[in-house]
Amino acid sequence: MQLIEIKAIKKNFGSKKKLATVIRGVDLFIDRGETLGIVGESGCGKTTLGRMVAGLIKPTSGEMIFDGHDILQKSHREQARGRIQMVFQNPVQSLNRQLSVGDQVAEPFRLLGGLGKSLAFERARLALDRVELEDKYFDRKPSQMSGGQLQRVALARALASKPDLIVLDEPTASLDKTIHAIIISLLLDVQQEFGVSYLFITHDLTLVRSISQRVAVMYLGRIVELATADELFKNPLHPYTRALLSAAPTFGKQIHRERITLKGETPSAKAIPFGCSLQDRCPLVHDRCRSEVPRLVEVNQGHQVECFAVNPGV
Ligand SMILES: Nc1ncnc2c1ncn2[C@@H]1O[C@H](COP(=O)(O)OP(=O)(O)OP(=O)(O)O)[C@@H](O)[C@H]1O
Ligand SMILES: [Mg+2]
């Protein structure tokens with residue numbers, strides 16, 4: 001069952017003279033309890049999309065249907081309060097350096113849950129226990145803790161409002177490699193227990209494959225391919241996805257199709273060519289890619305691709 005559906009979401013940054021369209025029309029949905037992975041190179045707009053889904057920045061246009069209502073409309077904004085949370089790459093970003101761990105985790109119980117101080121503290125202790133942090137950390141300040149411990153605090157704080165969806169923006173990328181697996185396993189346990197959905201943003205293809213039910217591939221502010229994790233990695237169709245996988249040591253050898261290398265650099269968001277945004281880099285480019293804008297369409301069940309070479313019929 002769909003938890004959230006975003007439709008034709010766009011985001012511009014800058015003023016009229018120097019306008020950059022960073023998210024250029026994204027449609028996707030996330031089911032209840034599902035993990036949807038998002039991959040794509042640096043600067044393609046993953047964090048911007050995640051921040052919009054979490055309500056931290058406003059889209060320039062589009063719809064975001066959550067529980068049947070467009071939460072971008074002022075009258076329905078309250079509907080999503082506390083129910084969509086975000087955990088950042090660097091936990092320090094989401095925590096207050098001045099406040100103790102206990103105070104920070106208790107805060108959402110008080111502000112969103114309406115609990116009194118002592119009950120909120122009691123819940124905060126349970127929440128910290130759930131993310132496997134001992135009671136001795138309750139009175140500590142963030143500066144007295146490691147990155148892995150702080151990411152647990154950020155997760156406990158995010159969970160405090162009983163969210164339906166958590167946007168996880170590279171939640172392990174800033175942490176020591178030795179604790180990646182521990183944090184991921186904690187995220188999976190928490191998901192099982194609470195039935196929460198994840199929008200999981202990462203550069204790590206191996207990780208995204210193992211934890212997501214479906215994966216979306218982003219290029220220059222568009223989803224260019226979306227499929228179940230298994231299908232995407234076994235049968236990547238979009239030239240950009242194929243290049244991305246070809247370049248990864250673990251996947252390059254497994255791709256059944258011929259490997260693809262892209263030419264040149266990704267254009268800036270201010271100078272995206274008309275038509276397909278990959279046209280100047282793509283070995284499969286043809287005239288139509290420069291004269292028409294491709295759309296994301298379904299080619300197999302649940303497998304969507306935005307490419308005229310893959311999908312000549314559209
Ligand atoms: N507040 C802002 N003002 C202007 N431009 C912005 C702003 N936030 C993001 N951008 C631009 O939007 C584009 C997408 O940025 P974003 O951080 O979403 O990318 P990303 O895919 O998360 O990259 P990374 O993998 O490096 O985290 C970049 O070109 C970035 O410079
Ligand atoms: Mg980012």
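Residues numbered from 1 in each chain as written. Chains lettered and ligands numbered in written order. Predicted model: local features only at pLDDT ≥ 70, side-chain atom pairs only at ≥ 80, totals over all residues.

**Q** Could you give an account of the pairing of strand β10 (residues 222-228), with specific residues and numbers?
**A** Counting buried positions along β10 yields six of seven residues, so the element is predominantly enclosed. Relative to β10, strand β9 (residues 214-219) runs antiparallel, the two sharing six bridges. Across the sheet, Tyr219 pairs through a bridge with Arg222, a residue of β10. Where β10 meets strand β12 (residues 303-305), two bridges bridge the pair, whose relative direction is antiparallel. Bridging across to β12, Leu226 finds its partner in Gln304. (Buried ≥ 20, exposed ≤ 12 C-beta atoms within 10 Å, placed from the backbone. Helix = DSSP H or I, 4+ residues; strand = E, 2+ residues; numbered from the N terminus. Pairing = 2+ DSSP bridges.)

**Q** Just give me the short version of the environment of Ser75, but keep the residues and values in it.
**A** Assignment of secondary structure puts Ser75 in the loop between β5 (69-70) and β6 (84-87). The spacing of Ser75 and Pro249 is 174 residues in sequence and 49 Å in space, taken between C-alpha atoms.

**Q** Outline the site of ligand 1, supporting the account with residue identities and numerical values.
**A** Around ligand 1, a shell composed of Phe13, Ala20, Val22, Gly40, Ser42, Gly43, Cys44, Gly45, Lys46, Thr47, Thr48 and Ala269 is seen. No other element matches the three residues that helix α1 (residues 46-53) contributes to the shell around ligand 1. The class makeup of the residues in the shell around ligand 1 is five nonpolar, six polar and one charged. (Near = placed C-beta within 6 Å. Nonpolar A, V, L, I, M, F, W, Y, C, P; charged D, E, K, R; others polar.)

**Q** Could you give an account of the domain arrangement of the chain, naming the residues involved and the relevant values?
**A** By convention, interface size is frequently given as the accessible area that disappears when the constituent parts associate. Along its sequence, the chain is organised into domain 1 (2-212) and domain 2 (236-305). When each unit is reduced to the centre of its C-alpha atoms, the spacing between domain 1 and domain 2 is 29 Å. With seven residues of domain 1 at the contact, the number on the domain 2 side is eight residues. Elements represented by at least two residues in the side of domain 1 that touches domain 2 include exactly β2 (20-31) and α6 (205-211). (Domains from an automatic or database assignment. Contact = placed C-beta atoms within 7 Å.)

**Q** Give a detailed account of the environment of Ala124, specifying residues and quantitative values.
**A** The topology assignment puts Ala124 in helix α3 (residues 117-130). Residue Ala124 is classed as buried on the basis of its C-beta count, with 25 C-beta atoms lying within 10 Å. With 101 residues separating them in the primary sequence, Ala124 and Ile23 have C-alpha atoms 37 Å apart.

**Q** Could you give an account of the packing of helix α2 (residues 101-111) against α3, naming the residues involved and the relevant values?
**A** Contact geometry of α2 with α3 gives a least axis separation of 8 Å together with a crossing angle of 115°. For the crossing formed where α2 meets α3, the hand is right-handed. Between α2 and α3, the contacting residues are Gly102, Val105, Ala106, Phe109 and Arg110 on the first element and Ala120, Phe121, Arg123, Ala124, Ala127 and Leu128 on the second. Partitioned by chemical class, the residues of the contact of α2 with α3 number eight nonpolar, one polar and two charged. (Axes fitted to C-alpha atoms, helices over the stretch in contact; angles between N-to-C directions. Left-handed = near helix turned anticlockwise from the far one by under 90°.)

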